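Letter by letter, the chains look like this.
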Amino acid sequence: DAPKILRGHRHSVQSLSFATSDVGDLLFSGDDGGSILVWNLEDLRPHLTIKADGNAILYVSAVNRGVVSQSRYGNLCLWDWEVNTDHPISSTSTNSSSFCKAATHGIIQDTFVVVAPTVDNTNLGFWDPRSNIFKECFRLREQAASVGMCTALCSAEDAGPYYLVAAYEDGSLRLWDMRFSDPCWKFRVHRQPVFAVTACRSSLSCLTFVSGSADGQIIQTRISLEESIAACCQQGDSRSHPSPVHDWVVDQVPSLASNASCGVGSMASKGDSSLVSAGCWDGHIRIYDAHRGQLISCLRGHKGAVHAVQFSPFNSLLASAGQDTNVALWIPEVS
């Protein structure tokens, strides 16, 4: 079916996040003009506008009756959109100019931190809005020039409360246990920069994530956590250093002209299933079954690159947005 199109942005839309509230289900969307629109999904109209920054909004995430925003020039803000849209509750700066979207990571109950690249755009830090301090915590042992910038982040809370996946310009992925400063696993999965990564539904013994790169490759990686912990215990090491147990190509995204014109710019997984969506530079959204490794649907509704995709945690909706300034709502047909 054709998507429902939400028109209200004047600039390209970079990020989406669903939320629920007393007024019903909501969708937050952040754009290149520095605005966040709050859509009421009952009437499909903007409920209000937050002028969050004078610079592009790279990332929005609904949290605890508020919303986190990240600008292209490193400003992180927490907004209580129900009380005050003029001034954030808390804010800080990472002092970095980046196109890597942050990741919001819940720790326990209602507490959370926001992870983002630091000033060198390679190492990572986190911001706890309660203390209002951004602190560099996660460093690479390699020279930054050999790895390049951090290009994508995602929380992997399903595998444990402290796991985070980071993707880099050299095509590599790293798994961080946020209790330690060094990555516990790294592997070069792609030949080109990775611009999107998402964690799939996992068991406690296995972490699964899917990544997409500039050349259109979409690759699923599974890491056995139990096997790695057992190996470390035999060596007298209490830390878990997971190793990849299964890497395989899910699909090579077809290109209309060349591989470079059809990269993958955004990904999302649906938490209660094995569905993964990929927003591509050709304007299409491709939906995969991660368990079967199959492309099951291709949605066409955008004119220009898709910068953001997001599944609703409350129902079967999928939201997408991008270069054409539109936000689209889909109910994907999957079998």
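Residues numbered from 1 in each chain as written. Predicted model: local features only at pLDDT ≥ 70, side-chain atom pairs only at ≥ 80, totals over all residues. Heavy atoms only, no water.

## Digging into unusual backbone geometry
Here is the rule: Between buried and exposed lies partly exposed: a residue is buried under 20% and exposed over 50% of the maximum accessible area for its type, with that area taken using a 1.4 Å probe on protein chains only.
In the Ramachandran plot, Asn-121 falls in the positive-phi region, its phi being about 65 degrees despite a non-glycine side chain. Taking the relative accessible area as the measure of exposure, Asn-121 reaches 9% and is therefore buried.

## As for the nonpolar core
Note the threshold: Nine residue types can take part in a nonpolar core, namely buried Ala, Val, Leu, Ile, Met, Phe, Trp, Tyr and Cys, and a core is a set of them joined through side-chain atoms within 4.5 Å. Comment: elements are numbered from the N terminus, with helices defined as DSSP H or I runs of at least four residues and strands as E runs of at least two.
Core analysis: the largest hydrophobic core is formed by 18 residues, its most contacted members being Val-165, Leu-173, Leu-175 and Phe-209. Among the elements of the structure, β14 (150–155), β15 (163–168), β16 (172–177), β18 (194–199), β19 (206–213) and β20 (217–224) are those that each provide at least two residues to this core. Formed by 16 residues, the second largest nonpolar core is a distinct cluster that contains Cys-137, Val-147, Cys-150 and Trp-176.

## Things to note about the packing of aromatic side chains
Definition in use: Any two of the Phe, Tyr and Trp rings considered here, Trp counted by its six-membered ring, make a pair once their centres fall within 6.5 Å; the pair's planes then place it as stacked at under 30 degrees, edge-to-face at over 60, or tilted in between. Criterion for a charge above a ring: Lys NZ or Arg CZ within 6 Å of the ring centre, and within 35 degrees of the ring normal.
Per the stated rule, a full pass over the model turns up 7 aromatic pairs. Ring geometry for Trp-185 versus Phe-209: centroids 5.9 Å apart, planes at 70 degrees, classification edge-to-face. Here Trp-185, found in strand β17 (residues 185–188), pairs with Phe-209, found in strand β19; they are 24 residues apart in sequence, far enough to count as distant. A single burial state applies to Trp-185 and to Phe-209, both of which are buried. Geometrically, the ring pair formed by Phe-195 and Trp-281 is tilted, given 5.9 Å between the ring centres and 40 degrees between the ring planes. With a gap of 86 residues between them, Phe-195 in strand β18 and Trp-281 in the loop between β23 (275–280) and β24 (284–289) connect regions that are remote in the sequence. Of the residues examined, Trp-281 reaches a relative accessible area of 30% and is grouped as partly exposed. An aromatic cluster of at least three residues, connected via ring pairs, comprises Phe-99, Phe-195 and Trp-281. Over the aromatic face of Tyr-168 sits the side chain of Arg-174, whose NZ or CZ is 5.1 Å from the ring centroid.

## So, the layout of surface pockets
Test applied: Points on a 1 Å grid, built from protein atoms alone, make a cavity when a 1.4 Å probe fits but cannot get out and make a pocket when they are open with protein on both sides within 12 Å along at least 5 of 7 lines; residues with an atom within 4 Å of a point are the lining residues. Grid points are joined across faces, edges and corners, and a volume is the space filled by probe spheres set on the points.
Estimates place the volume of the second largest pocket at around 220 Å³. In terms of lining, the second largest pocket is formed by 12 residues, of which the most central are Lys-4, Leu-317, Leu-329, Trp-330 and Ile-331.

## Re the pairing of β20
To keep things clear, this is the line we draw: Strand pairing is assigned whenever DSSP detects at least two bridges linking the two strands.
A large share of β20 lies buried, amounting to 7 of its 8 residues. What sits between β19 and β20 in their antiparallel hairpin is a turn of 3 residues, with Gly-216 showing a positive phi close to 90 degrees.

## A word on the confidence of the model for the protein
The predicted coordinates of low-pLDDT regions are not to be read in fine detail. Formally: The predictor attaches a confidence to each residue, and that confidence, scored 0 to 100, is pLDDT. Every residue pair with non-hydrogen atoms within 4.5 Å of one another is taken to be in contact.
For the protein, per-residue confidence averages 84 on the pLDDT scale, and 84% of positions sit at 70 or higher. This model gives residues 228–261 a pLDDT under 50, and the stretch forms 83 contacts once residues within four places in sequence are excluded.

## A short note on empty space enclosed by the protein
Definition in use: In this classification, the charged set is Asp, Glu, Lys and Arg, the nonpolar set is Ala, Val, Leu, Ile, Met, Phe, Trp, Tyr, Cys and Pro, and all remaining amino acids, among them Gly, are polar.
Counted by the stated rule, this structure contains 2 cavities of 30 Å³ or more. Computed from the structure, the largest cavity encloses a volume of approximately 40 Å³. Every residue along the wall of the largest cavity is listed here: Gln-70, Ser-71, Arg-72, Gly-74, Thr-94, Ser-96, Ser-97, Ser-98, Ala-116 and Pro-117. Breaking the lining of the largest cavity down by element, the ones donating at least two residues are β7 (66–71) and β11 (112–117). Each residue belonging to the lining of the largest cavity can be placed in one class, and the counts come to 2 nonpolar, 7 polar and 1 charged.

## Some thoughts on the pattern of salt bridges
Rules: Think of a salt bridge as a Lys or Arg side-chain nitrogen and an Asp or Glu carboxyl oxygen that are within 4 Å of each other.
Going through the model one piece at a time under the given rule, you end up with 7 salt bridges. Residue Arg-72 is joined to Asp-32 by a salt bridge in which the shortest nitrogen-to-oxygen separation is 3.6 Å. Here Arg-72, found in the loop between β7 and β8 (75–79), pairs with Asp-32, found in the loop between β3 (24–31) and β4 (35–40); they are 40 residues apart in sequence, far enough to count as distant. For Arg-72, a relative accessible area of 24% corresponds to the partly exposed category. Asp-32 gets classed as partly exposed once you look at its relative accessible area, which sits at 28%. Of the charged contacts in the structure, one is a salt bridge between Asp-215 and Arg-191, with a shortest N-O distance of 3.6 Å. In this pair, Asp-215 is assigned in the loop between β19 and β20 and Arg-191 in the loop between β17 and β18, connecting sequence segments 24 residues apart.

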